[in-house]
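A structural walkthrough
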Amino acid sequence: MIFLERILWFDQLDKSRIAEVGGKGANLGEMTGAGLPVPNGFCVTSGVYFEFIKHNRIDKVIREHAQGLDVTNNRELNEVSEIIKGRILAGEIPEEIRKTIKESYGKLKGEGKDIYVAVRSSATAEDLPEASFAGQQASFLNIIGEGEVVQAVKECWASLFEARAIYYRQENGFDHMKVGLCAVVQEMVQSEIAGVMFSVDPISCRRDLISIEAAFGLGEIVVSGSTTPDNYVVSKKAGRIVKKDVAVQDWMIEKVDGKNVHTDLEKERGGKQKLSDGQIMELARMGMKIEEHYKKPQDIEWAYVEEKLYIVQSRPITTLKKIIEEEGEGNTAMVSEGKGAQGMKSSEEGKVQTKTQGGAMNIENAKMILRGLGAAPGVGSGKVRLVPSPRDTEKMEKGEVLVTEMTTPDFVPAMKKASAIVTDTGGMTCHAAIVSREMGIPCIVGSKTATKELKEGQMVTVDATHGMVYEGKVEIAQAGQTEAKEAGGIGGAAFLVPITGTKIYVNLAEVDFAQKTAAKPCDGVGLFRAEFMMADIGEHPRKMIDEGRQQEFIDKLAGKIREMCAAFYPRPVVYRANDFKTNEYRNLKGGEKYEPAEANPMMGYRGCARYIREPEVFKMELMAIRKVREEFGMKNLWLMIPFVRRIGEIRAIRDMLHDVEIHRTRDFKLWIMVEVPSTVLLIDEICGEGIDGVSIGSNDLTQLILGIDRDNSTMADAFDERNHAVLKAIETVVKTCAKHGVTCSICGQAPSVYPEFAEKLVEFGVTSISVNPDAIESTRRNVASAEKKIMMRRLAKLSEGLEHGNLEHSD
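Read on for a plain summary of the structure. (Residues numbered from 1 in each chain as written. Predicted model: local features only at pLDDT ≥ 70, side-chain atom pairs only at ≥ 80, totals over all residues. Heavy atoms only, no water.)

With that settled, consider the overall build of the protein. Secondary structure summary: the protein contains 30 helices and 33 strands in total. The buried share of the protein, taken over its 811 residues, is 57%. If you sum the accessible surface of the protein, you get close to 34400 Å²; carbon and sulfur atoms cover 49% of it. (Helix = DSSP H or I, 4+ residues; strand = E, 2+ residues; numbered from the N terminus. Buried < 20%, exposed > 50% of the residue type's maximum accessible area, 1.4 Å probe, protein only. Areas by Shrake-Rupley, 256 points an atom, 1.4 Å probe, with all protein chains shown as cover.)

A full pass over the atoms with the stated rule returns 54 salt bridges. Between Glu-400 and Arg-385 there is a salt bridge whose closest N-O contact spans 3.0 Å. Of this pair, Glu-400 sits in the loop between β19 (379–386) and β20 (401–404) while Arg-385 sits in strand β19; the two residues are 15 residues apart in sequence, bridging distant segments of the chain. The partner of Asp-720 in a salt bridge is Arg-722, and the shortest N-O contact between them spans 3.1 Å. When salt bridges with common partners are traced through the structure, they connect Glu-539, Lys-543, Glu-547, Arg-549, Glu-552 and Lys-556 into a single cluster. (Salt bridge = Lys/Arg side-chain N within 4 Å of Asp/Glu carboxyl O.)

Let's shift gears to the packing of helix α3 (residues 58–66) against helix α4 (residues 74–90). Axis separation between α3 and α4 bottoms out at 10 Å; the angle between their running directions is 180°. Compared by their axis directions, α3 and α4 come out roughly antiparallel. Packed against α3, whose contacting residues are Ile-58, Val-61, Ile-62 and His-65, the element α4 presents Val-80, Ile-83, Ile-84, Arg-87 and Ile-88 at the interface. Looking at the contact of α3 with α4, its residues break down into seven nonpolar, one polar and one charged. (Axes fitted to C-alpha atoms, helices over the stretch in contact; angles between N-to-C directions. Parallel < 35°, antiparallel > 145°, perpendicular 65-115°, else oblique. Contact = heavy atoms within 4.5 Å. Nonpolar A, V, L, I, M, F, W, Y, C, P; charged D, E, K, R; others polar.)

Turning next to the nonpolar core. Formed by 95 residues in total, the largest nonpolar core has its most connected members in Phe-568, Tyr-575, Leu-639, Ile-641, Val-694 and Ile-730. Core analysis: the next-biggest nonpolar cluster, separate from the first, contains 66 residues, Ala-123, Val-153, Leu-402 and Val-412 among them. (Core = buried A, V, L, I, M, F, W, Y, C linked by side-chain atoms within 4.5 Å.)

All right, on to the packing of aromatic side chains then. For the structure shown, the criterion picks out 10 aromatic pairs. Each residue in the set Tyr-49, Phe-50, Phe-52 and Trp-157 is aromatic and connected to the rest through ring pairs, giving one cluster. Of note, Arg-169 hangs over the ring of Phe-161, and the distance from its end group to the ring centre comes to 4.9 Å. The ring centre of Phe-632 lies 4.0 Å from the NZ or CZ of Arg-562, which sits over that ring. (Phe/Tyr/Trp six-rings, centres within 6.5 Å; stacked < 30°, edge-to-face > 60°. Lys NZ or Arg CZ within 6 Å of the ring centre and 35° of its normal.)

Taken together, the side chains of Met-791, Met-792, Leu-795 and Leu-798 make up a nonpolar region of the molecular surface, amounting to roughly 370 Å² of accessible area. By secondary structure assignment, the location of Leu-795 is in helix α30 (residues 776–803). (Patch = residues over 30% accessible without salt bridge, like charges linked within 9 Å, V, L, I, M, F, W, Y side chains within 5 Å.)

Here we come to the sheet that holds strand β13 (residues 308–316). Pairing in this open sheet of six strands is antiparallel, and the strands run β9-β8-β7-β6-β12-β13 from one edge to the other. Looking at which strands have only one partner, the edges of the open sheet turn out to be β9 (240–245) and β13. Here the strands of the sheet are splayed against their neighbours by 20° on average, with no regard to which way each runs. Note that strand β12 (residues 298–305) and β13 share eight bridges and pair antiparallel. Pairing of Ile-300 across the sheet is with Ser-314, part of β13. (Pairing = 2+ DSSP bridges.)

The next subject is the sheet that holds strand β33 (residues 768–771). Strand pairing within a sheet occurs via backbone hydrogen bonds; the two strands may be parallel or antiparallel. Pairing in this closed barrel of eight strands is parallel, and the strands run β26-β27-β28-β29-β30-β31-β32-β33 around the ring. This sheet shows a mean twist of 25° between the axes of neighbouring strands, independent of strand direction. Running at roughly 170° to strand β31 (residues 693–697), helix α27 (residues 724–740) makes contact with β30 (670–674), β31 and β32 (743–747) of the sheet.

Let us now look at a negative patch on the surface. A surface patch of negative charge is lined by Glu-192, Glu-282, Glu-306 and Glu-307. Within the secondary structure, Glu-282 is located in helix α10 (residues 277–294). (Lys, Arg positive; Asp, Glu negative; His and termini not counted. Charge placed at Lys NZ, Arg CZ, Asp CG, Glu CD.)

This brings us to the pairing of strand β11 (residues 259–264). With zero of six residues buried, β11 lies mostly on the surface of the structure. As defined by bridge partners, strand β10 (residues 251–256) adjoins β11 across six bridges and the pair is classed as antiparallel. Bridge pairing links Trp-251 to Asp-264 in β11.

Between its first and last C-alpha, α4 extends 24 Å over 17 residues, near the 24 Å set by a 1.5 Å rise per residue. Taken residue by residue, α4 has Asn-74, Leu-77, Val-80, Ser-81, Ile-84, Lys-85 and Ile-88 as its buried positions. The buried residues of α4 all sit within an arc of 135° when viewed along its axis, so they share a single face. Among the exposed residues of α4, those pointing more than 90 degrees away from its buried face are Arg-75, Glu-82 and Ala-90. (Expected span 1.5 Å × (residues − 1). Arc of directions from axis to C-beta.)

Within the fold, Arg-120 resides in strand β3 (residues 116–125). Despite its burial, Arg-120 remains without a salt bridge, the nearest opposite charge being carried by Glu-301 at 5.3 Å. A distance of 3.1 Å separates a polar atom in the side chain of Arg-120 from a polar atom in the side chain of Gln-186. Setting aside anything within four residues of it in sequence, one finds Arg-120 in contact with Lys-24, Ala-138, Ser-139, Leu-141, Cys-156, Cys-182, Ala-183, Val-184, Gln-186, Val-312 and Gln-313. (Polar contact = N/O pair within 3.5 Å; in protein donor to acceptor, adjacent residues only side chain to side chain.)

Once that is clear, we can look at unusual backbone geometry. A cis geometry characterises the amide bond from Tyr-569 onward to Pro-570, with omega recorded as 0°. Structurally, Pro-570 can be placed in the loop between α18 (550–568) and β28 (573–576). Residue Asn-142 is not a glycine yet carries a positive backbone phi of 55°. For Asn-142, the location among the structural elements is in strand β4 (residues 139–144). Residue classification places Asn-142 among the buried positions, given a relative accessible area of 7%. Notably, Glu-306 is not glycine yet its phi reads approximately 50°, a positive angle.

Take the environment of Thr-404 next. By the element assignment, Thr-404 lies in strand β20. For Thr-404, a relative accessible area of 1% translates into the label buried. Considered as a pair, Thr-404 and Thr-425 are 21 residues apart in the sequence and their alpha carbons are 8.9 Å apart. Here Thr-404 is in contact with Val-387, Pro-388, Phe-411, Val-422, Thr-423, Asp-424 and Thr-451, once residues within four sequence places are set aside. Engagement of the side chain of Thr-404 in a polar contact is seen with the backbone oxygen of Val-387, the distance being 2.7 Å.

What follows deals with the environment of His-540. Counting through the fold element by element, His-540 comes out in the loop between α16 (531–537) and α17 (541–546). C-alpha of His-540 to C-alpha of Tyr-594: the two residues are 54 residues apart in sequence and 8.2 Å apart in space. Residues contacting His-540, with those up to four places away along its chain left out, are Tyr-585, Leu-588, Lys-589, Gly-590, Gly-591, Tyr-594, Glu-595 and Arg-610. Within polar-contact distance, the side chain of His-540 engages the side chain of Glu-595 at 2.6 Å.

So, to be careful, I would describe these as geometric facts and stop short of saying anything about function.
The structure is reproduced here in C-alpha cells:
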C-alpha cells in the first residue's frame with residue numbers, strides 16, 4: 001500500500017485512517033473530533049516507516065532472520081530481536097522525512113519554548129487493520145527538542161521488533177513485512193494524578209459499573225502495574241460511587257529537571273485517597289460519554305493536571321466479550337495443572353467439578369502461605385519459578401508457577417508456559433491481570449511479598465479465584481457439590497451418602513472450621529452467624545464509628561466473610577446479619593457506653609428493629625458484604641435478616657440495601673428469619689414484600705409459641721419442636737412460601753434428632769434444612785428416608801387410583 005501523507009494531525013483522523021495510523025492514532029483522532037479533552041498531537045504515519053525500511057534495505061534483514069525462527073527458544077528470539085533493532089537504530093532517516101517531523105514538532109509547540117511530548121507506538125497490519133498489537137511496542141515520555149523527537153520516532157520503529165512483538169506476530173501468523181508502525185507525537189501531560197478507567201467492570205463484566213484505578217504522578221505506574229493503585233467503582237444507573245479502596249502508594253514517577261524519576265512518598269500522603277469524590281464522578285461521566293461515542297466498552301487512560309482532566313487514549317476492552325460469553329454458558333471455572341489453563345464447566349445445580357491431582361492433599365489439610373487479589377480466576381499447581389526480569393524468562397519451564405514483581409509485555413512467552421502467575425504489585429487493570437484473563441491463566445496480583453515468601457522450586461497451588469496460595473499440591477473443588485459419587489461423596493468426603501431433593505445446608509459461626517466443613521456432603525451454608533466475628537473484632541461498632549474507623553471494621557469483617565465464602569464457593573453462604581443482644585454488645589470494648597441494661601434482652605433491642613434505629617452500624621455490615629461480592633468476587637454470598645417482627649421492617653431493609661447499591665439478582669438472595677409468631681401470621685403478606693427466601697428459626701419460634709424459655713432447665717422437658725402448635729406454624733409458613741415461589745429453609749437440630757420431624761418437613765415441602773456440621777450425614781439420611789417414604793405412599797395412592805379408574809383423588 002502507498003501512503004500519500006507522512007504527517008496526519010489528530011483533527012484529520014478518524015477510524016477510516018486506521019491503516020495509516022493504527023488503533024491508537026485513530027482513536028485519538030476520533031476523540032479529538034468528538035470534542036473530548038485530548039492533548040494535541042500528530043502522527044508520523046506507517047507509510048513513513050515503510051519508506052525508512054526500504055531506504056535502508058532492512059526488509060531483507062527481517063526476512064533473512066525471521067524465516068524459520070523458533071520463537072519458543074528465548075535465546076534465539078532475543079538474538080534475532082537485537083539484530084533487527086540494531087539495524088533499524090543504525091539506519092539513516094532520509095533528510096526529507098527528518099525535516100517533515102521537525103517542522104511538525106515546531107508547529108505543535110508554536111512560537112514558545114520547546115515543549116515536552118510523549119512519542120508512542122501505534123502498530124497496524126496493512127491487510128488486517130482491525131488487528132490488535134496493544135502493549136507490544138515502546139513509548140517514550142518527556143521527550144523535548146526536535147532532534148530528540150526524531151530519534152524517539154526511530155526508537156518506536158525499532159520497538160516493532162522487540163522479542164515480544166516478534167513472538168506475537170509469528171504465533172498469530174502475521175507477515176512481519178505487512179505490519180507497520182505509526183509514531184504518535186502528543187503534547188506531554190505532566191499529570192499530578194493519573195490512571196486507567198474501564199467503562200465496564202473488567203472482572204465481573206457488569207455493564208452498569210465503571211472501574212477506575214488512580215495513583216499519584218505519571219500514569220505509567222498504574223499501566224505497568226508497578227504499584228497497587230486506588231480502586232473506585234461507580235454505578236452508572238445510580239450515578240454514585242459504590243466502592244472505594246484506597247491503597248498506600250510508596251513512590252511515584254514525576255518529571256524532575258527534564259527526566260522521569262522515582263520519587264518516594266511520605267506514608268501520610270501515599271495513604272490518602274488519590275481522587276476527590278467530585279473528580280471520580282467527573283471521570284465516570286467522561287467514561288460513559290466515550291463509551292457512548294464508540295458504542296463499545298472502553299479501556300481509557302486519563303490524567304489530571306491542576307484540576308483539569310485529560311484523556312490520553314482509549315481502546316476497546318479486549319477480554320470482556322469472551323468472559324460474558326463464557327458466563328452465559330454456565331459459570332465457567334478454569335483449572336490449571338502444569339499444562340496451562342483448561343476450562344471446566346459447572347452445572348447450575350452446582351455439581352462437583354474437581355481436578356484430581358496425583359499426590360494432592362485435601363483443602364482442609366492445606367497451609368495457606370500467601371494472599372493477594374484474584375485477577376484471573378482458576379486454580380494452578382506447579383513449582384515456583386522466580387523471574388526477576390524479562391532476561392530471566394528463558395528459565396521458565398512449562399507448567400511452572402511464574403512469580404515476579406510485575407510482568408511486562410516481554411514476559412508474554414513465559415506467561416504462556418505458566419500454570420499460574422503471582423505478582424507483588426498491580427491492580428485489576430495492570431498488564432499481568434489483563435493478559436492472564438486473555439490467556440485463561442490463573443493469576444493473583446498485588447500480593448506484596450510473593451517474591452520474598454515463595455522460594456524457587458517450591459511446590460505451590462494458586463487459587464486465583466479466591467486470591468490464595470497454598471503450600472504443596474492441593475486438590476481444590478472448582479464448583480459446589482450436591483450429589484455424592486461412588487468414588488467419594490461430596491466435597492471430597494470418602495464415604496457414600498444418599499442424594500436428596502431437599503438441600504442439606506450447614507450452620508457455622510467459626511471461620512476456622514470452614515475448609516474442614518466444606519469437605520462434608522452439604523449444599524452450602526444455610527446459617528452463617530455473624531456474632532463470633534463481631535466478638536473477634538472485639539470493639540463496639542459505634543465506638544469505631546465515633547473514632548472514624550468504619551473502614552477498619554468493614555475490612556476486618558469482609559476478610560472473615562471472604563474466607564467462609566471461598567471455602568464453599570460457589571455453594572451459597574447465607575450470612576445472617578449480626579444478632580447480638582444488648583447484654584452481649586455490652587461485653588465488647590466500649591459497649592457499656594452505648595448499650596441499655598435490659599431485663600430481658602432475648603425479647604429486647606435486637607435484630608431487624610435495631611438495624612433500622614442504627615442504620616450507620618448496619619450499613620457497615622452491608623458494605624462488608626458488597627466488598628466480598630464485588631472486590632473478592634464471592635458471588636455466592638447471600639444475606640439473611642434475623643428477628644423480623646413487622647412488615648415495615650422488611651421495607652426499611654430493602655431501602656438500606658438500595659442505598660448501598662446491593663440488589664436482589666440471580667446470584668444475590670435476600671432471606672428473612674421466621675422466629676416470631678407475628679411473621680407466621682403475616683407470612684402471606686411478607687412473601688409479597690420482595691424476599692427470596694425464609695429460614696425458620698425453630699428454637700426461637702418454639703420458645704415464643706410455647707412461652708418457654710429454652711434456657712430454663714426447669715421447663716426443659718416441655719421444650720419440643722414437635723409440639724402440634726409449632727408444627728402447625730411451620731406447615732403454614734412452608735406451604736405459603738411455596739405458593740409464592742419463595743424458598744423455605746429451617747435451621748435447627750430437630751430434623752437430625754427426630755426422623756419423624758424430618759419426614760414432616762419434607763411432607764410440608766421445605767426446600768432445605770440447615771444443621772450443625774456433626775449432623776449433616778444423619779440429617780441427609782433421615783431426609784432421604786423421608787423422601788423415599790413419601791414417594792412410596794404417592795406411588796401406592798396413584799396405583800390405587802389407576803385400579804379403580806379414579807385419578808381425581810390420587811396425588
